[in-house]
Amino acid sequence: DVAGQTPRILSSGRQNTAFYQGMWAAIEADGRWEGEIWNRRKTGEIYPEWLVISAIKDASNQVRQYLGIFTETSSRKEAEARILRLVNYDNLTNLPNRALLFDRARVAIASALRNQSTVAVLHFNIDHFKHINDTLGHPVGDRVLQAVSQRFQAELGNDILLSRWGGDEFVVVVPQATAEQAVAVAQRLTVSLQQAFEVGGGHYHISMSAGIARYPTDADSVVQLLRCADTAMYRAKHDGANRVEVYHPSMNAGVERFLAVDNALREVLAHGGQGLSMAYQPQYSADGARVVGIEALVRWQHPELGQVSPADFIPVAEDSGQIIALGKWILEEVMRDGQTLRQAGCPSLPMAVNCSSIQLRDASFAESLHAICLAGNM
């Protein structure tokens, strides 16, 4: 088939005349050329190869032959493409991941800077998604995330960047958007979730909270813009969830307070509850004549934050997951105080201890409570 033919029978047509002129000029000058080239099989299939061409000369330094050695690079290119996809795309939803989001958001901001335009960043978080994973299992949670991404893609099309930020969070980048337009996009996406999701034979209703920040009004970098959008999203969840909030600088105060209380509470619990104490409030009969019970109330005095109200630190403990450790400390402290009261000769009265719904959903709560009661002889 190839006898008497030239290598042109293998030409793919992908390289132009200038490419071949440069290749042969290098061979004539250096006696050698190597590089990647696309060739054609007998079947017509086009494939990439790494080609090395060497000029073979005789004793008088005249070129007599050319030797071409090639290695097919199809598998390497496919592997490179798979690696590139893994680096830039989320494996579960096939959406751009955090790395690609940063890259494309930077491009959008650079374009907005040149054109004196705007960029809006929308940060979405599924409300109470942990309940789905905890009660139905992570495979069901994964299918819900895939279904959410598909609805969002159908709503946004290809002109607006949608990415999975991680976990149950998604980020949308909308170029040239006013605050009103960004809110409209966020509302469209939240409305798209109103229809129940059919996953694994079950029907599930979910909602999302969203925060919006804009360049250059709120921040001038991708990192700061995402931070502002995250702050607004947290405010939306704090105010009741299933909401859309636009960032305002005043929101930072609330986030800073949350972080301060969160970090301080972690330190306190790590050091045996130092600074925490229990107060006991009597419960009277309807006529007010006698005490019929006691309610245990936790108090916290911090050296820097001062007297921290339970209305401040209990929601923080619930949001951060520290409520399990805090609840255990409270129960153990109540049992110790109960023993002290009995030893002092006080009458035995029912004692009420407030528990978070998060504690009640904890699979180990009943066993832990039983062990604490046994240790306290209750």
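Only a predicted model underlies this, so the values are computations on that prediction, with no experimental measurement involved.

Criteria and cut-off values
- Residues numbered from 1 in each chain as written.
- Predicted model: local features only at pLDDT ≥ 70, side-chain atom pairs only at ≥ 80, totals over all residues.
- Heavy atoms only, no water.
- Patch = residues over 30% accessible without salt bridge, like charges linked within 9 Å, V, L, I, M, F, W, Y side chains within 5 Å.
- Areas by Shrake-Rupley, 256 points an atom, 1.4 Å probe, with all protein chains shown as cover.
- Salt bridge = Lys/Arg side-chain N within 4 Å of Asp/Glu carboxyl O.
- Helix = DSSP H or I, 4+ residues; strand = E, 2+ residues; numbered from the N terminus.
- Buried < 20%, exposed > 50% of the residue type's maximum accessible area, 1.4 Å probe, protein only.
- Polar contact = N/O pair within 3.5 Å; in protein donor to acceptor, adjacent residues only side chain to side chain.
- Contact = heavy atoms within 4.5 Å.

Visitor: It is not clear to me how a nonpolar patch on the surface should be interpreted in this structure. Could you clarify?
Guide: Taken together, W24, V63 and Y66 make up a surface patch of nonpolar side chains, about 280 Å² in accessible area. Within the secondary structure layout, W24 lies in helix α1 (residues 17-30).

Visitor: Would you explain the pattern of salt bridges in this entry?
Guide: A side chain of one charge can pair with a side chain of the opposite charge if their charged atoms are brought near each other. Throughout the structure, instances matching the rule amount to 13 salt bridges. Note that R164 is salt-bridged to D90, the shortest N-O span being 3.1 Å. Of this pair, R164 sits in strand β5 (residues 161-166) while D90 sits in the loop between α2 (74-88) and α3 (98-115), and the two are 74 residues apart along the sequence. Both residues of the pair, R164 and D90, count as buried.

Visitor: Please explain the side chain of D127 as it appears in this structure.
Guide: Within the secondary structure, D127 sits in the loop between β4 (119-126) and α4 (129-136). Given a relative accessible area of 6%, D127 falls into the buried group. Of note is the side chain of D127, whose polar atom sits 2.7 Å from the side chain of S207. A polar atom in the side chain of D127 sits 2.9 Å from the side chain of K237. Ignoring sequence-local partners within four residues, the contact set of D127 consists of S207, M208, S209, K237, A241 and N242.

What is shown is where atoms sit, not what they do.
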